[in-house]
Amino acid sequence: VQLQASGGGLVHTGTSLSLSCTASGGPFISWPMAWFRQAPGKEREFVAAISIRMDRTLYAEFVQGRFTISRDNAKNTLYLQMSGLKPDDTAVYYCGARRSGGDLILPYSDGYDSWGQGTQVTVSS
């Protein structure tokens, strides 16, 4: 299984950015998916998660309606649309897949067993 995250970059405060995570080597349609992020010197933290059929989503409190997680099962791709970006959003963003254990969307990294390499998001003030 490979998860390839992309779409990160350097942006200004208040702007938008869209991340993608493309999966290969397994049945993406069977996996609940999530985004996490890790800032320098901090632990990895939950951002958002989505169920297999997109009928359930879960967001971290700090998202406050600024981010939207979605997926295209036909394209084996997970997305994170981010708007109203702040310097505190600066981090490496990782996508995670839950390949076993049912269609649960969980706000902690132990709930996911496959990870992409991460994409850097830097928000300048």
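Procedures and definitions
- Residues numbered from 1 in each chain as written.
- Predicted model: local features only at pLDDT ≥ 70, side-chain atom pairs only at ≥ 80, totals over all residues.
- Heavy atoms only, no water.
- Core = buried A, V, L, I, M, F, W, Y, C linked by side-chain atoms within 4.5 Å.
- Buried < 20%, exposed > 50% of the residue type's maximum accessible area, 1.4 Å probe, protein only.
- Helix = DSSP H or I, 4+ residues; strand = E, 2+ residues; numbered from the N terminus.
- Contact = heavy atoms within 4.5 Å.
- Pairing = 2+ DSSP bridges.
- Axes fitted to C-alpha atoms, helices over the stretch in contact; angles between N-to-C directions.

### Regarding the nonpolar core
Formed by 36 residues in total, the largest nonpolar core has its most connected members in Met33, Trp35, Leu78, Leu80, Met82 and Tyr93. Among the secondary structure elements, those contributing two or more residues to this core are β1 (2–6), β3 (17–24), β4 (33–38), β5 (45–50), β7 (67–72), β8 (77–82), β9 (91–97) and β11 (119–124). Counting residues per element, this core draws most heavily on β5, which supplies five residues. Beyond its immediate chain neighbours, meaning those up to four positions away, Met33 contacts Leu3, Cys21, Phe28, Ala48, Ala49, Ile50, Ile69, Arg71, Leu78, Gly96, Ala97 and Tyr112.

### Describing unusual backbone geometry
Peptide bonds are, in most cases, trans, and in most cases residues other than glycine have a negative phi. Within the chain, Met54 stands out as a residue other than glycine whose phi angle is a positive 65 degrees. Residue position: Met54 is located in the loop between β5 and β6 (57–59). Phi is positive for Gln64, close to 50 degrees, though the residue is something other than glycine. Take Gln64: it is sitting in the loop between β6 and β7.

### Details of the sheet that holds β8
Judged by pairing direction, the sheet is antiparallel, and its four strands sit side by side in the order β1-β3-β8-β7 without closing on themselves. Two strands lie at the open edges of the sheet, namely β1 and β7, each paired on one side alone. Direction aside, the axes of adjacent strands within the sheet are offset by 15 degrees on average. Looking at chain direction, β7 and β8 are connected through six bridges and run antiparallel.

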